[in-house]
Each structure stands twice: as C-alpha cells, then as structure tokens.
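Chains, contacts and geometry: an overview
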Amino acid sequence: MSIFDKLNPMQLEAVTTVSGPALVLAGAGSGKTRALTHRIAYLIEEGVNPWNILAITFTNKAADEMRERVDRLVKIGAESVWISTFHSMCVRILRRHIEYLGYSTDFTVYDSDDQRTLMRQVIKKLDKDPKQYRERGMLSIISGLKDKLISPEEYSATAAYDFRQRNYAEIYAEYQAQLKRNNALDFDDLIVKTVELFRAVPQVLENYQDRFQYIMVDEYQDTNAAQFALVSLLARRDRNLWVVGDDDQSIYKFRGADIENILNFEKVFPGAKVIRLEQNYRSTGNILKVANEVIAHNYGRKGKNLWTENGAGEPVEVCQFETAQDEASYIMKQVRKYVEEGGNYRDCVVLYRTNAQTRILEEMADRYIGQHYRTLGVNFYDRREIKDIIAYLRTICNGRDDLAVQRIINVPKRGIGATSLGRVSDYAELKGISLYDACCEAALVPGIGKAAGKIRGFVEQIEELRELAEEITIVDLIDEILSRTGYREYLMEEDDVQAESRLEYIGALKDKAAYYEGDTEDPSLSEFLEDIPLRSDQDNLDREEDKMLLMTLHSAKGLEFPIVFLAGMEDGLFPSSMSINSDDPEGAIEEERRLCYVGITRAEKRLVMTAARQRMVNGENRYSKLSRFIYEVPATLLNMQGTEGPSQRRREGNLSFGSVYDSGETGYRGKYSFQNGFGGGFSGKDSYSGRSDRYAENNSGWQNGGRKRSFGDRSWENSGDGYYPFGNDPWEKVFDLDKEKHEEVVRFGSKPVISKGSQIIDSGGAPDYGVGDRVTHVKFGEGTVLQLEKAARDYEVTVQFDTAGKKRMYAAFAKLKRV
DNA sequence: GGGCCTCAAGTTTTT
DNA sequence: CTTGAGGCCC
C-alpha cells in the first residue's frame, strides 16, 4: 500500500504530473496541501533530487506546516527540499548576492512602521504638502508600482506631463534613495531586487535555475506581477512549474495580487495542464451549497463546482440582532452552550470583516467564556513596546540603523528633542556618517549646546549595553535595557492601565529570545533580529490550545473549524461601504464576495452568520441591513432566526420626521430618499414615493417574493420569499430630507436621531435636568448643573462637580443622571 | 523641549 | 469612539 492510494483520481493526476507547466485549481477544502506535499514525495520517489525541489508559500505558517507534512511523508532527503515563503527565499538569495546591486549583504528589512517613518521624512525633505501627499497614500502607490516592477525611473518617464504624478515620481525616487542610503529594503523590495538581480546577473539566475528544477507555488491566486516574474525567471528554462490556487479565494487584490496570473496561466505557459480538484472533504453539503450560491454571483471565474460526499448537515443559520452587543453575546452564549454540551472551545472561531469589531466580541467573550479565547489582532512585533525594545537591540547590534536610533534616542525622555535631533541628523548627512556615529561626536555638531551632554548620556548607555551584549544572553540584555535606560519606569509612568500588559508583552519577547537561544547552534543578536520583520503573529497560532479564536476573515484563509461564526453580516460593513462606493464597485464587491466565500468554506459542520441592526462605527450609530451576500443565497438553504427576543427599539413606535413629517403609527407620506451608501443597498438616486410602511411591504420585493430588486447597477430576481424577513428595521425609517445640507433631525420614538450625510448620530435630545439640578456622571461623580444651552446638534451642559471640578460637555455623551 | 490642544481620519494586510 | 500628527504656547 502506497501513500498515493488514498488520493482521489484528480489528486493523483495532480500529484503525478512531473514535468511541464501545470495549474491545479483547488477548491476550498479539496485537499490542496495534501496534493502539494504528496507531489513532493512523488517527485522524490521518481528519482528527482530533493535538492532540486522548491516549494513557495506566502506565509511562514504554511511553510512550516508543509515542511512538517513533507518530513512525515518523505523519509530520506526531505530536509533538502527548499520550502520557503517568497520573502524569506528572497532574503536568503539577496544575503548572498545583493552586492551586485550596490547594497551590502547585511541589509536591514524595513517593516511597515519603518516605511512610514521613512516616508514621513521623505515628504518633509522634499517639502511636499503633507495634506496632499500622505504617507500611507504614497506608500501604497509605491507598493503598487513595485508590485508591477516599475522602477522610479520608469515611472518618472511615464509621469512627465502630470503634475501630481511628477510629484509621486519624485517621492518614489527619494524614498528609494533613502532606503539605499540606509542599506535597507522594504518588503516589496525583497521581491523586486531579486528579480533585478536575476535580470542583471545571468550567471546568478542560472545558478538558481540549476538548483530549482522543480518549482511549486502555493496560493498562486495571490501572486502579484513581481512574484510572477520571479517565478517565471526561475522556471523559464526547465518549465517545470506546478502551481496550485483557487481564483475564488483571491482576497489580496488590494495588495497587488493579480488574479490574471491564474486566469491567464495557460496563455503564459502554453501547453499547461489544468487540473481541477472539486471534491470537498471539509464541509457539510449545506455549507457547501451556500458557498457555491454566493460565489456564483461573481463573473470571470475559472469555474469550479465543488461537491461533497459529506452529509447535508444542519442548515446554515442567520441571526440578526438589535445591536452589536446582542450579536456578540449571542455568539458567546452559543459557544458556552456548545462547551457545556461537551464540545471544545478550539472548535469555534468568530470571523469578521474589520478589526474594529474585536472589541465588543472580546468584551462578551470575557463575560461569557472567560479566558477561553484568543484574538489574532495587532501583530506582536507591531506593538509599540516591542518595537522600542527591538530598536534598542538593533542599535546595540548595528550602529548604522538610523531609524532605530531615531526611535529610541528620546524614549524614555532624555531631553533630546526634534531640534537637536535635526542638527545631529544634518551633521550626519553632511559628513556621510550614520546618525549614531554622529551622536558619538555630538560635541562637534554646530549649535548643539546643552543637548550634547544629553546625547553623550545616551551614547554611553548604548556603549555599556553593547559591551554587555558580548557576554550575556539576549534575555538578560533585554532586562538590562529595561533597567539601565529607565524604560520600565517610563512604561509605568506613561499609562498605569496598560503598563502591566506592555511589560507582559516584553516578557513574551524574552520568551521568544530564550527559545531562539535554546534552539540555535550559535545564537547571535544579529541573527535573532534578522528575520523578525518577516515574522507575524499568525506563525504562532496554536491550534492545540483549547481556545476559541477571533480573527478577521483575511487571517482565516487556509484554516478550518467545526463551528464558524461569521459576525457583522451587514451591508456597508461586509461588503464594506468602501467597496460599494469605490471607483470600481463591481470589482471591489466581487473581492468582498470572495472573502465571504473564504469565510463560509472555513466551516466544517456548523455555520452561523450574524448581523446587528445597529452598530457603533467611528463613534456614531450606524443602522444596517443584512449583507447582500445573505440575499444571494436562496432562503430555503438558510435557517433565519430573527432576533433574540423582541426589539426594544421597534416597540417604541415609528419615527416622525421633524415638523414636516409627523405621523402616527401608519407611516409617512412624501418623497423619501435613502441615503447614499448608508446601510448599504441603496444608492443616492434610489427614492420611493409613498408610505414608508408600504415601502416595507410592497416596494422592490421588500418582503414578498418574485419582484425584481436592485442595488446600484446590479439587479436580480428575488427567487422566493424570505428577503428582509425580520420585519421593519429602524433603518427603514431614516432618510435624508434636506439634500442641500444633508442634515436632518428625525425622531425615533421618543429619541431624536440626527442624520448627517451618510451617517447617523445618536443624540440624547433635551436633557431631563436643568440649571441648578443635581446630577451624577459615571466618572466625575455628583455635581450641580451650572449652564445648559442648545448647540448645533445637542445640548451643551456645564456642571460643577463636587470633586472633579467644572466640566463642559455634550449632554448626549455625558449621560448625566438626575439625582 | 515638552505638554496640551485641535484636527482629521478611520478596510482587509500572509511578508 | 480612538488614534496619531501637527500647531501653539510656556
């Protein structure tokens, strides 16, 4: 019995395709990684030297997992197979050969934070208006250019006649020059420079072509033009390129992933064999049907039809709640129930569109399931305290790292401000030395004055630490940094609330250092620091730990869970209003739809999609309908559960609209314009004349089936009842009366709601207290109202608090209670 | 130099 | 609401 006997015919076909270009279209849960690893085993069995095999993934996690599986599958020679991410592969190549491109081999890799710092300096240096040329915008333009392998020179040539583009070109060129001056590469450069190297030095390319005769690429749908060029160069000679991907799971277009790479594979590699893996082993029949229905709404697909032999399973659940809090507590209660019935926390995951949603979910998780959850959120290495400590380590390790020095020279405060730093920096540039070296001779810097002594203090600290670093472990070195520089005290003083957790994170960094030192033959600080920019939180995801996970949909790619909650299934949130209102709504929404498909197909047994009618977004209450993606699924496939308990808000009665539209229970007369982008689903042009309650019942197939309805330019037939099955949303009643001002006060029950443009702000209305009344405030305690005046959208109240002094605030936010 | 204030902005992000 | 950056004043 061979390891290949368990493969299905298509998998076997994929695995035994040894030479020539091959495109494996692998649907979600169709055994993609299995095919990949088995193919490596097969190649070796067929006599291919493991040394000649290269497998490229996007994440460290995927690479680690593949490594492990190959090791298990292949007994001899597995360790010689090169399994790596695009980026770490490029780092390895560049550390050997980058001198051809005029960099030195000990280059630093800049992470996104470093990039922003550098970009800020570039914009300042070139004296560009920071309002018009924002760091983030510039970086994304440059990243987009690099993804397409467009150099500053090439871009500059095409941008000759456009003022704005000329400025972009100038910024790009300067940014690149600064990187080079710092002997640094950003993430995109890792790929770009490797391609440059291969193009510039044929013998190096040949060297790697000899080495990598069999190339495999995972998640091929996520490659960008630069990565494609890299792979093409390597595979050009032998044409043994085997790629696996799923066009329906391409969710990184916004980062330059070019779906065309997969759609055009056969054109670029004539004679390519195309193999489809369509049997899904992961999900129940119902879940798969829902996934297929949703993704069928996309155009220009390669076309796959996923099927499964698994049972139908339970229907997919859809639950809409009044608020995001209700939604979150429902999810957590469901998890708790599942565990009480014998399940494990680790079977469950909550997926959502934006990181902003984590707060409420975590709050409710704390309340209902205690510590049995973990959030994949901000990257560990992106935390401020971790970056600070790393900057110290970087400075100790290598004095030429200007960015690191800039970060810490005044953290904790040493009285070295922007002016002094600027003087030292100018001096450094003038003399062509590094910032740190300039600090070492601070006394010579013109106009430096008293700051010289302070800078000397900093240099002495670093020098001491540098000497220590020779003798002690990295773990101890971190402790020395904390105590000698006063960083620990600095954290304590800065914010006592977060200080403790920040110190815990630093503790975690020490753990990582300890692990590295224990695990490495000849540990060195520079090696420890070297690949930190290439590491992410995802790498340490521990699925063995019995904890429920919270993460964004993007982070969930490649994972699977018995029970998946898709939270925030609201139009405007998912798909995001950004996508709905983008220049290319069709394309942007298709990408969101693929993301939805990714989310749905993570589920093995149970899928619950939840939404809130009302959610705080950017401090404002936003009302939303269910996501359009839910309406793309025939209602018969879904178990619509309505809200958990009756809606308090709806019981308050109907809205009335200022003085113009004041109505009773039945609804409103007049012309209603639904706000642009608000709540999703309707564009600014959409309007309805008549009674709003009729709108809910009769217009556009709101609640009855068989009517055509549309969102923007797209329209489709309602395939049955079940649309908007949850009664009248408060949202329905909110609209924009005054188009000039885009601002109107409407009344929602007893509570006025103010709308502004496409946003809705909750307001407290007239306070139930007056001047002279005694009131309490959650934070400030008791006090006496001194003044109360009507402001533009709210009342402004001035209170003399007994202990907290005099405060002036908005009534709606102050939430004062009469005593 | 640094504290305080105001203002604007705010997706997703494997590396 | 939250965060960050720049402006202003001491």
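Above this text sits the structure in question.
Here's a quick rundown of the structure. It should be emphasised that the depicted structure is a prediction, and the values quoted were computed from it without experimental measurement.

With that settled, consider the overall build of chain A. On a plain count of helices and strands, chain A comes out with 31 helices and 31 strands. Expressed as a percentage of the 819 residues in chain A, the buried residues total 54%. By sequence separation, contacts in chain A at least 24 residues apart represent 70% of the contacts at least 6 residues apart. As presented, chain A carries roughly 36400 Å² of accessible surface, and 47% of it is formed by carbon and sulfur atoms.

Turning to its location among the elements, Asp238 is positioned in the loop between helix H11 (225-235) and strand S7 (241-245). Sequence-wise, Asp238 and Ile287 are 49 residues apart; in three dimensions their C-alpha atoms are separated by 41 Å. If near-sequence neighbours (up to four positions away) are discounted, Asp238 is found in contact with Gln209 and Gln213. Of the polar contacts made by the side chain of Asp238, one reaches the side chain of Arg237; its length is 3.2 Å.

This part is about the nonpolar core. A general tendency of soluble globular proteins is for nonpolar side chains to be buried together. Residues Ile389, Leu393, Phe458, Tyr487, Leu509 and Phe528 are the most contacted members of the largest nonpolar core, which totals 51 residues. Of the residues forming this core, the biggest block, eight residues, is contributed by helix H21 (residues 451-471). If you look at the next biggest cluster of nonpolar residues, it comprises 48 residues, including Trp82, Val204, Tyr208 and Leu241.

This part covers helix H4 (residues 86-97). With twelve residues, H4 extends 17 Å from end C-alpha to end C-alpha; this agrees with the ideal 16 Å at 1.5 Å per step. If you check which residues of H4 are buried, you get Phe86, Met89, Cys90, Val91, Ile93, Leu94, Arg95 and His97.

Strand order in this open sheet of six strands is S3-S2-S6-S7-S1-S8, and the pairing throughout is parallel. With partners counted over all chains shown, the strands left at the sheet margins are strand S3 (82-85) and strand S8 (273-277), one partner each. Geometrically, the sheet is characterised by an average inter-axis angle of 15 degrees between neighbouring strands, direction not taken into account. Across four bridges, strand S2 (residues 53-57) lies against strand S6 (residues 214-217) in parallel orientation. Looking across to S6, one finds that Ala55 is bridged to Met216.

Attention shifts here to the protein's contact with DNA strand B. Near DNA strand B you find 32 residues, and of these Arg255, Arg353, Ser420, Ser536 and Thr552 are the closest. A share of 52% of the atoms of DNA strand B within 4 Å of the protein falls on sugar and phosphate groups. Within the side chain of Arg255, one N or O atom sits 3.2 Å away from a base nitrogen of DNA strand B. Thr552 places a side-chain nitrogen or oxygen 2.3 Å from a phosphate oxygen of DNA strand B. Here the element with the most residues in the surface near DNA strand B is helix H19 (residues 418-431); it accounts for three residues. Residue composition of the surface near DNA strand B, by class: seven nonpolar, 17 polar and eight charged.

This next bit is on the pattern of salt bridges. Applying the stated rule across the entire model yields 48 salt bridges. The residue Asp114 makes a salt bridge to Arg394 at a minimum N-O spacing of 3.5 Å. Taken as a pair, Asp114 in helix H5 (residues 112-125) and Arg394 in helix H17 (residues 384-397) lie far apart in primary sequence, 280 residues in all. Where Asp222 meets Lys557, a salt bridge forms, and the shortest distance between an N and an O atom there is 2.1 Å.

Before going further, it helps to spend a moment on the packing of H17 against helix H23 (residues 487-494). Between H17 and H23, whose axes approach to 12 Å, the crossing angle comes to 160 degrees. Between H17 and H23, the crossing angle belongs to the class labelled roughly antiparallel. Crossing angle aside, the handedness with which H17 passes H23 is right-handed. Packed against H17, whose contacting residues are Arg384, Glu385, Asp388, Ile389 and Tyr392, the element H23 presents Tyr487, Tyr490, Leu491 and Glu494 at the interface. For the contact of H17 with H23, the residue count by class is five nonpolar, no polar and four charged.

The next thing to look at is the pairing of S7. Within S7, five of the five residues are buried, which leaves the element mostly enclosed by the surrounding structure. Where burial is concerned, the two faces of S7 agree: the one with Leu241, Val243 and Gly245 and the one with Trp242 and Val244 are both buried. In the sheet, strand S1 (residues 22-26) pairs with S7 via four bridges, with the strands oriented parallel. The residue of S7 that forms the bridge with Leu23 is Val243. The sheet contact formed by S6 and S7 spans three bridges and is parallel.

As a further point, take the pairing of strand S14 (residues 548-552). In terms of burial, S14 is a largely internal element, five of the five residues being buried. Alternating residues of S14 divide into Met548, Leu550 and Thr552 and Leu549 and Met551, and every residue in both groups is buried. Of the strand pairs in this sheet, strand S12 (residues 348-352) and S14 are connected by four bridges, and their pairing is parallel. When the bridges of S14 are listed, Tyr352 appears paired with Thr552. As defined by bridge partners, strand S13 (residues 373-375) adjoins S14 across three bridges and the pair is classed as parallel. Considered in S14, the bridge of Thr375 is made with Leu550.

Moving on, we get to the packing of aromatic side chains. Under the criterion given, the structure shown has 17 aromatic pairs. Ring geometry for Phe4 against Tyr42: centres 5.5 Å apart, planes inclined by 85 degrees, an arrangement best described as edge-to-face. Placement of the pair is Phe4 in the segment before helix H1 (9-15) and Tyr42 in helix H2 (residues 32-45), with a sequence separation of 38 residues. Exposure class is identical for Phe4 and Tyr42. Each is buried. With centroids separated by 6.0 Å and ring planes inclined at 25 degrees, the aromatic side chains of Tyr208 and Phe212 adopt a geometry described as stacked. Residue classification places Phe212 among the buried positions, given a relative accessible area of 1%. Members of the aromatic cluster, connected to one another through ring pairs, are Trp82, Phe198, Tyr208 and Phe212. Across the ring face of Tyr133, the terminal group of Arg164 is positioned such that the distance to the ring centre comes to 5.0 Å. Directly above the aromatic system of Tyr505 lies the positively charged group of Arg383, at a separation of 3.7 Å from the ring centroid.

Right, let's get into H19. Helix length check: H19 (14 residues) gives 20 Å between terminal C-alpha atoms against 20 Å at 1.5 Å per residue, within 8%. Among the residues of H19, Ser420, Leu421, Val424, Tyr427 and Ala428 are the ones counted as buried. Buried residues of H19, seen end-on, are gathered within an arc of 125 degrees and therefore sit on one face of the element. Away from its buried face by more than 90 degrees, H19 exposes Ala418, Thr419, Asp426 and Leu430.

Below, the discussion takes up the side chain of Gln11. Assignment of secondary structure puts Gln11 in helix H1. Excluding its chain neighbours within four sequence positions, the residues that come into contact with Gln11 are Ser30, Gly31, Arg34, Leu277 and Tyr281.

This part covers unusual backbone geometry. The omega torsion across Val411 and Pro412 is -5 degrees, close enough to zero to call that bond cis. Secondary-structure assignment places Pro412 in the loop between helix H18 (402-408) and H19. Residue Phe574 is joined to Pro575 through a cis peptide bond whose omega torsion reads 5 degrees. Structurally, Pro575 is set in the loop between strand S15 (561-566) and helix H26 (577-580). The phi dihedral of Asn183 is positive, around 55 degrees, even though this residue is not glycine. The residue Asn183 is located in the loop between helix H8 (163-181) and strand S5 (184-186) in this model. Residue class for Asn183 comes out buried when judged on its relative accessible area of 12%.

The next subject is the packing of H17 against H21. At a closest axis distance of 9 Å, the pairing of H17 and H21 adopts a crossing angle of 80 degrees. On the basis of their axis angle, the class for H17 and H21 is roughly perpendicular. Contact with H17, carried on its side by Tyr392, Thr395 and Ile396, involves Ile462, Leu465, Arg466 and Ala469 of H21 and no other residues of that element. Classifying every residue of the contact of H17 with H21 by side-chain character gives five nonpolar, one polar and one charged.

Criteria and cut-off values
- Residues numbered from 1 in each chain as written.
- Chains lettered and ligands numbered in written order.
- Predicted model: local features only at pLDDT ≥ 70, side-chain atom pairs only at ≥ 80, totals over all residues.
- Heavy atoms only, no water.
- Helix = DSSP H or I, 4+ residues; strand = E, 2+ residues; numbered from the N terminus.
- Buried < 20%, exposed > 50% of the residue type's maximum accessible area, 1.4 Å probe, protein only.
- Contact = heavy atoms within 4.5 Å.
- Areas by Shrake-Rupley, 256 points an atom, 1.4 Å probe, with all protein chains shown as cover.
- Polar contact = N/O pair within 3.5 Å; in protein donor to acceptor, adjacent residues only side chain to side chain.
- Core = buried A, V, L, I, M, F, W, Y, C linked by side-chain atoms within 4.5 Å.
- Expected span 1.5 Å × (residues − 1).
- Pairing = 2+ DSSP bridges.
- Axes fitted to C-alpha atoms, helices over the stretch in contact; angles between N-to-C directions.
- Near = heavy atom within 4 Å.
- Nonpolar A, V, L, I, M, F, W, Y, C, P; charged D, E, K, R; others polar.
- Salt bridge = Lys/Arg side-chain N within 4 Å of Asp/Glu carboxyl O.
- Parallel < 35°, antiparallel > 145°, perpendicular 65-115°, else oblique.
- Left-handed = near helix turned anticlockwise from the far one by under 90°.
- Phe/Tyr/Trp six-rings, centres within 6.5 Å; stacked < 30°, edge-to-face > 60°.
- Lys NZ or Arg CZ within 6 Å of the ring centre and 35° of its normal.
- Arc of directions from axis to C-beta.

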